[in-house]
Amino acid sequence: MFESVPPIAAVGHSAVDASVLELRAVGGFSETDARDGASAVLDLEFHNTGSRSVLLHRATVRVHRAAEVAPARMVGFLPYEEWLIERHLRAGREYDVGLPVTACAAGARRSVTLAEVVAPGAAGRLPIRLVAAEEHARVTLAYLLEIDVAYDAGRTLTTPRIAIAIAPGTELADPDDIRADLATFRAAVRAVRDAVDRELALRGLAAPDWDHRPPACRADLPAHLRALDGDPGDLLNLGPGVYEVNDAFWDPAASLARRLDDIRAYCTDLVEFIAGADIRHDSLSRILAQAHHILARLPALRAELEESEGAVAVRHSAPAGELAQLLGEDPLTELRARAAAGEPEAARRLDLAARLADTIRSRGPDHPETLLARETPILWRLQAGDMAGAAVALAELIPDQVRVFGPDHPRTLRARHLLAKCLGETGDVDAARTAFAALVDDRARILGPDHPDTLDSRHESARWRVMAGDTAGAVATFAALVADRTRIQGPDHPDTLYARHNLAVCRGRAGDVATAVTDLVTLVADWTRLRGDDDAETRYSRGELARWQVRAGAVHRRRGVGGPPPGW
């Protein structure tokens, strides 16, 4: 169950409002229905303290973070593949909101249309059933989220941060279980090596020197070894001595060290995730304590591992050509120099790049994981401001995404958005304008006109429209966007305020300087109210206001009009 909260009223109300909606409690339970076990219901209790009825018309779930509470993230580590069969889930009743898969959930938004009326002075309840997009019968799915409930004309009430648990009951592995699992991994590596030695002996070939010069990859051993490649005709019934090894087999010491790094990162993420909630499901408090306990024991486990392996684990590596192809020659050189200088983040990123290169090599060019691996270095280039390099990589990635995912897949659309932006930032303004115009149509058709991604592409389309010289068209586009963002996201949402800023600037460039000043005066007041006087967004809009006030004064002086311009 969840807990009650102090009354929370929607933003923007005044003392004369005829309808005032307050959130009084957040109740909830996680379903354990045997059909799927993959949903949770939040029961929001409201109270209308105003004098007229309130119409609730939209709920938007904003996911901040998500994670699996899965023992498999800590135990079950093997140097070869195991085969599992997954089930499919079914949606439920109530107001259903489909959640994204946990790996892609951060920053996601999901909306549902409501039709609930709360009478004056009455209480109302809103049951929202959150349905997981993936079936995990063996794990608990946890999401950290807020819900924006839109009602009446442009009013929004936002819940506190809530940590929900879908299919609760899963617990983390005990440190002793982790220790035993590391030993199981080492025993499994020895079993595979023994099987390789036996098979090579039957073929009259010498066994590898596993202790001093072990094979570094599959190419270092003869082809067609059942001990390494399994039986292509019967992969689901592998007999004794027949395995299908994975990348972890080739460097066991490094693989085990990375395993402990992954467990530490996973537990740290869970701690930050759960502790960041204002309200959380009871089961997650127990998970929080378990994660703290594991983090406290990990240093001792690492010391035991290093002692048993006889050496400190080394970092992952990949051929220089693969890394250069993935990252680019210059970024790779810079990253290696920073890592050599002792910068931890550079060393971590270099290690991750090597793992991504391994994924691309092992999975092949058309595997979905390969395409996901290629996205990460592109984001690094964007963060570093390398728009030209990112544009080249995106132009190579998008045709492969279309072939594998399809042209309407959200990842394909996202890559097109980034490519269009890169084209504009590198000087090809007309190409950016054309690309965003097409993308707006596609996202509206696939995701819907009110989807946040559609709105983001509309914003960029308007921005590059004015950069291409179509100021009047940009004014009309931004004006429509401001109206839609206000309706969908609310008047105080940052995206709404960003659109208002650009609309004011476009109006000024189109010659309506007085309106630009008036709009910016109001915008600065709103930023100050929401973020404070010294916030970066407040200062940015205030600086723009000052520039247009100067221009407004110049216009008035040329016309012989005394006094300051409107909004001064």
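Here the structure is a predicted model, which is why all the values come from computation and not from measurement. (Residues numbered from 1 in each chain as written. Predicted model: local features only at pLDDT ≥ 70, side-chain atom pairs only at ≥ 80, totals over all residues. Heavy atoms only, no water.)

Explanation requested: the overall build of the protein chain in the structure shown.
When helices and strands are tallied, the protein chain shows 16 helices and 11 strands. Among the 568 residues that make up the protein chain, the fraction classed as buried is 46%. Sequence-distant contacts, at least 24 apart, represent 69% of the contacts inside the protein chain between residues at least 6 apart. Summing over all exposed atoms, the protein chain offers an accessible surface of approximately 27,100 Å²; the carbon and sulfur share of this is 53%. (Helix = DSSP H or I, 4+ residues; strand = E, 2+ residues; numbered from the N terminus. Buried < 20%, exposed > 50% of the residue type's maximum accessible area, 1.4 Å probe, protein only. Contact = heavy atoms within 4.5 Å. Areas by Shrake-Rupley, 256 points an atom, 1.4 Å probe, with all protein chains shown as cover.)

Help me understand the nonpolar core, please; the structure alone is not making it clear to me.
Ranked by internal contacts, the top residues of the largest apolar core, which has 84 residues, are Leu56, Tyr143 and Ile164. At nine residues, helix H3 (residues 252–275) tops the list of elements feeding residues into this core. (Core = buried A, V, L, I, M, F, W, Y, C linked by side-chain atoms within 4.5 Å.)

Can you help me understand the pattern of salt bridges in this one?
Once the charged atoms of two side chains with opposite charge are near each other, the side chains can pair. Under the definition given, this model contains 39 salt bridges. In this structure, Asp495 and Arg109 form a salt bridge, with 4.0 Å as the shortest nitrogen-oxygen distance. With a gap of 386 residues between them, Asp495 in helix H14 (residues 494–509) and Arg109 in strand E6 (residues 109–118) connect regions that are remote in the sequence. You can call Arg109 partly exposed: its relative accessible area is 22%. Here Arg463 ties to Glu425 by a salt bridge, and the two come within 3.3 Å at their closest N and O atoms. Here the residue Arg463 occupies a position in helix H12 (residues 452–467), and Glu425 occupies one in helix H10 (residues 410–425), the gap between them amounting to 38 residues. Of the residues examined, Glu425 reaches a relative accessible area of 40% and is grouped as partly exposed. Each member of the salt-bridge network shares a partner with another, and the members are Arg58, Asp450, Arg458, Asp484 and Arg487. (Salt bridge = Lys/Arg side-chain N within 4 Å of Asp/Glu carboxyl O.)

Even after reading the chapter, I still don't get the pairing of strand E4 (residues 54–69), so can you show me in this structure?
Consecutive side chains along a regular strand alternate between the two faces of the sheet. For E4, the buried fraction is high: 12 of the 16 residues fall into the buried class. In this structure, E4 lies alongside E6, joined through eight bridges in antiparallel fashion. Following the sheet pairing, Ala59 is matched in E6 by Val112. With 12 bridges connecting them, E4 and strand E8 (residues 140–151) associate as antiparallel partners. Within E8, the position partnered with Ala67 by the bridge is Ala142. (Pairing = 2+ DSSP bridges.)

What's the story with the packing of helix H7 (residues 344–363) against helix H8 (residues 368–383) in this structure? I'm lost.
For any two helices packed against each other, one specifies the inter-axial angle together with the distance between the axes. For the pair H7 and H8, interaxial distance at closest approach is 8 Å and the crossing angle is 150 degrees. Viewed along their axes, H7 and H8 adopt a mutual orientation that is roughly antiparallel. The element H7 and its partner H8 pack so that their crossing is left-handed. Across the interface between the two elements, Arg349, Leu352, Ala353, Leu356, Thr359, Ile360 and Arg363 of H7 pack against Glu369, Thr370, Ala373, Arg374, Thr376, Pro377, Trp380 and Gln383 of H8. Tallied by class, the residues present in the contact of H7 with H8 amount to seven nonpolar, four polar and four charged. (Axes fitted to C-alpha atoms, helices over the stretch in contact; angles between N-to-C directions. Parallel < 35°, antiparallel > 145°, perpendicular 65-115°, else oblique. Left-handed = near helix turned anticlockwise from the far one by under 90°. Nonpolar A, V, L, I, M, F, W, Y, C, P; charged D, E, K, R; others polar.)

Would you explain H14 in this entry?
An α-helical turn contains 3.6 residues, so a residue and the one three or four places further along point in the same direction. With 16 residues, H14 extends 23 Å from end C-alpha to end C-alpha; this agrees with the ideal 22 Å at 1.5 Å per step. Across the 16 residues that make up H14, a large majority, 12, are buried. Considered for burial, the residues of H14 that qualify are Asp495, Thr496, Leu497, Ala499, Arg500, His501, Asn502, Leu503, Ala504, Val505, Cys506 and Gly508. Just beyond H14, the residue with positive phi is Gly511, at close to 110 degrees. (Expected span 1.5 Å × (residues − 1).)

I would appreciate a short explanation of helix H15 (residues 513–531) in the present structure.
Given a rise of 1.5 Å per residue, 19 residues ought to cover 27 Å, and the 26 Å separating the end C-alpha atoms of H15 matches this to within 8%. Looking at H15, one finds that the buried residues are Val513, Ala516, Val517, Leu520, Leu523, Val524, Asp526 and Trp527. Looking one or two residues beyond H15, the residue adopting positive phi is Gly532, at roughly 105 degrees.

Would you take a moment to explain the environment of Val54 for this structure?
Along the polypeptide, Val54 turns up in strand E4. For Val54, a relative accessible area of 1% gives the class buried. Along the primary structure Val54 and Asp152 are separated by 98 residues, whereas in three dimensions their C-alpha atoms are 6.3 Å apart.

Help me understand the confidence of the model for the protein chain in this model?
Predicted coordinates in regions of low pLDDT should not be interpreted in detail. Confidence in the prediction for the protein chain averages 79 pLDDT; 84% of positions are at 70 or higher. In the model, residues 12–16 has pLDDT below 50 throughout and makes six contacts with residues more than four positions away in sequence or in other chains. In this model, residues 310–316 is a region of pLDDT below 50 whose contacts with residues beyond four sequence positions or in other chains number 15 contacts. (pLDDT = per-residue confidence, 0-100.)

Looking at this model, I keep getting lost on the side chain of Arg458. Mind explaining?
Along the chain, Arg458 turns up in helix H12. Classification of Arg458 by relative accessible area gives buried; the value is 16%. Among the polar contacts made by the side chain of Arg458, one reaches the side chain of Asp484 at a distance of 2.8 Å. The contact partners of Arg458, leaving out residues within four places of it in the chain, are Val440, Pro449, Thr477, Ala480, Leu481 and Asp484. (Polar contact = N/O pair within 3.5 Å; in protein donor to acceptor, adjacent residues only side chain to side chain.)

Can you walk me through unusual backbone geometry in this structure?
Peptide bonds are, in most cases, trans, and in most cases residues other than glycine have a negative phi. At His224, a residue that is not glycine, the phi angle is positive and equals roughly 60 degrees. As for its placement among the helices and strands, His224 is situated in the loop between helix H1 (175–202) and helix H2 (226–229).

Sorry if this is basic, but what is going on with the packing of aromatic side chains here?
Given two aromatic rings, one states the distance between the centres and the angle between the planes to describe the pair. Counted by the stated rule, this structure contains three aromatic pairs. Between Phe249 and Trp250, the ring centres sit 5.0 Å apart and the planes meet at 80 degrees, which makes this aromatic pair edge-to-face. This pair shows no difference in class: Phe249 is buried, exactly as Trp250 is. Ring centres of Tyr498 and Trp527 lie 5.6 Å apart, and the angle between their planes is 35 degrees; this geometry places the pair in the tilted category. (Phe/Tyr/Trp six-rings, centres within 6.5 Å; stacked < 30°, edge-to-face > 60°.)

Which parts of the structure should I look at to understand the environment of Phe436?
As for its position among the elements, Phe436 is in helix H11 (residues 429–447). Its relative accessible area of 0% is what places Phe436 among the buried residues. Along the primary structure Phe436 and Glu460 are separated by 24 residues, whereas in three dimensions their C-alpha atoms are 6.9 Å apart. Setting aside anything within four residues of it in sequence, one finds Phe436 in contact with His417, Ala420, Lys421, Ser457, Glu460, Ser461 and Trp464.

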